[in-house]
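What follows is each chain in one-letter form.
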Amino acid sequence: MTHPTPRTQPSQSAVPGVEHAVQLRDVTKRDGRGPRPVLALDHVSADIPGGSFTAVMGPSDSGKSTFLHCAAGLDRVNSGEVRLGSTYLSRLGEASLTRLRRQRIGFVFQAFNLVPSLDVEQNITLPLRLGGRKTSRAWLPYVVERVGLGDHLKHMPSELSGGQQQRVAIARAIIMRPGVIFADEPTGALDPETARSILTLLRHTATELHQTVVMVTHDPHAASYTESALFLARGRLVSSLASPTADRVGSLMAGLRRDA
């Protein structure tokens, strides 16, 4: 069964004069306290275009997860600026920041984070209910069809495979039409074939639904599905690749590990 495609709506980050969905400017983030806190991000600047699929990569302890947490407003930076669309995150109080994350940011994690007592449809629409918004008559069926869950809406998470659970998580992230979807190692717990289907879905989320997707990954093959890759080492942005291939990413990552 096919559903009518809803009329395209602009991303919530699409502000006149603002072409980047996420911008970091000279961001520094220290983890821990005391005389020697760890410098997780060291004067990092990056621009992520709206509607793009971007990988963030680096060796262990390179700062890539901290990059995602700061860009998504989960962590406060020590200095510098983070902007989501036209909104400067450092200028928001905690309540406003919570509302922004709930309304304008989608999250996909390796652990799926589904509510076990809710069925698939209820898990997908949970952000709408938390935000006090109604489910669009056209948008929900469209999202469900795009992620391939049309026959599973009344299933419980325990009745789904890992790949199906991750599809639910992606649909849950899409349903609010967020400005940006942040994905943290979304295929890390999946077998290779299932991982390929999830990466294809994330790529389609950017190209077909015009959602900005920022994905932290250590996997060169996963990065090859993206349009660009940013590379961190020792908390600094050290390189980037446009149209990354698995071979080019693997070679660059091997060099970064040797220098770590």
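This text goes with the structure placed above it.
Everything numeric here is computed off the predicted structure, so don't read it as measured data.

What counts and what doesn't
- Residues numbered from 1 in each chain as written.
- Predicted model: local features only at pLDDT ≥ 70, side-chain atom pairs only at ≥ 80, totals over all residues.
- Heavy atoms only, no water.
- Helix = DSSP H or I, 4+ residues; strand = E, 2+ residues; numbered from the N terminus.
- Rg over C-alpha atoms; globule rule 2.2 N^0.38 Å.
- Contact = heavy atoms within 4.5 Å.
- Areas by Shrake-Rupley, 256 points an atom, 1.4 Å probe, with all protein chains shown as cover.
- Lys, Arg positive; Asp, Glu negative; His and termini not counted.
- Charge placed at Lys NZ, Arg CZ, Asp CG, Glu CD.
- Core = buried A, V, L, I, M, F, W, Y, C linked by side-chain atoms within 4.5 Å.
- Buried < 20%, exposed > 50% of the residue type's maximum accessible area, 1.4 Å probe, protein only.
- 1 Å grid on protein atoms, 1.4 Å probe; cavity = no way out; pocket = protein on both sides within 12 Å on 5 of 7 lines; lining within 4 Å.
- Points joined across faces, edges and corners; volume = space filled by probe spheres on them.
- Nonpolar A, V, L, I, M, F, W, Y, C, P; charged D, E, K, R; others polar.
- Pairing = 2+ DSSP bridges.
- Axes fitted to C-alpha atoms, helices over the stretch in contact; angles between N-to-C directions.
- Salt bridge = Lys/Arg side-chain N within 4 Å of Asp/Glu carboxyl O.

Caption draft 1: Expanded view of the overall build of the chain. When its secondary structure is counted, the chain shows 8 helices and 10 strands. Against the 2.2 N^0.38 benchmark of 18 Å for 260 residues, the chain shows a C-alpha radius of gyration of 18 Å, consistent with a compact globule. Its C-alpha atoms give the chain principal-axis dimensions of about 55 × 40 × 35 Å. Across the chain, contacts joining residues at least 24 apart in sequence account for 68% of those joining residues at least 6 apart. Accessible area for the chain stands at about 12500 Å²; split by element, carbon and sulfur atoms hold 48% of it. A gap of 7 Å separates the mean positions of the 30 positive and 23 negative side-chain charges of the chain.

Caption draft 2: Molecular detail of the nonpolar core. I124, I170, I174 and I175 are the most contacted members of the largest nonpolar core, which totals 37 residues. At the level of elements, α3 (120–130), α4 (139–146), α5 (162–174), β7 (180–184), α6 (192–207) and β8 (212–216) are the ones that each hand at least two residues to this core. Once residues lying within four places of it in the same chain are set aside, the contact partners of I170 are V108, V147, I198, L201, L202 and T205. With 28 residues, the next largest nonpolar core counts F67, L89, L92 and V214 among its residues.

Caption draft 3: Representation of the layout of surface pockets in the model. Looking at the largest pocket, its volume works out to about 380 Å³. Considering the residues around the largest pocket, the lining is formed by 15 residues, among which R101, I105, F107, P127 and R172 are closest to the centre. Sorting the residues of the lining of the largest pocket by element identifies α2 (94–104), β6 (105–109), α3 and α5 as the ones contributing at least two each. Ranked by residues supplied to the lining of the largest pocket, first place goes to β6 with 4 residues.

Caption draft 4: Expanded view of empty space enclosed by the protein. The tally for this structure, following the rule as stated, stands at 1 cavity of 30 Å³ or more. For the largest cavity, the calculated volume is near 40 Å³. Surrounding the largest cavity, R146, I174, L201, H204, T205, E208 and L209 form its lining. Its residues assigned to classes, the lining of the largest cavity comprises 3 nonpolar, 2 polar and 2 charged.

Caption draft 5: Molecular detail of the environment of V238. Locating V238 in the fold gives a position in strand β10 (residues 236–242). Considering only alpha carbons, one finds V238 and A95, 143 residues apart in sequence, at a separation of 34 Å. Beyond its immediate sequence surroundings of up to four residues, V238 is in contact with F231, L232, A233 and L256.

Caption draft 6: Representation of the sheet that holds strand β5 (residues 87–88). The antiparallel open sheet is built from 4 strands, whose spatial order is β2-β1-β4-β5. Each edge of the sheet is formed by a strand with only one pairing partner; in this case those strands are β2 (38–49) and β5. Bridge count between strand β1 (residues 20–31) and strand β4 (residues 79–84): 5 bridges; the pairing is antiparallel. Among the inter-strand pairings, V22 is bridged to a residue of β4, identified as L84. Contacts from helix α1 (residues 64–71) reach β1, β2 and β4, with the element oriented near 60° to β2.

Caption draft 7: Here's a closer look at the pattern of salt bridges. What the rule picks out here adds up to 5 salt bridges. In this structure, D42 engages R236 in a salt bridge whose closest nitrogen and oxygen atoms are separated by 3.7 Å. Within this pair, whereas D42 is found in strand β2, its partner R236 is found in strand β10, the two being separated by 194 residues in sequence. With relative accessibility at 16%, the residue D42 sits in the buried group. One salt bridge in this structure joins R146 and E208, with 2.4 Å as the shortest N-O distance.

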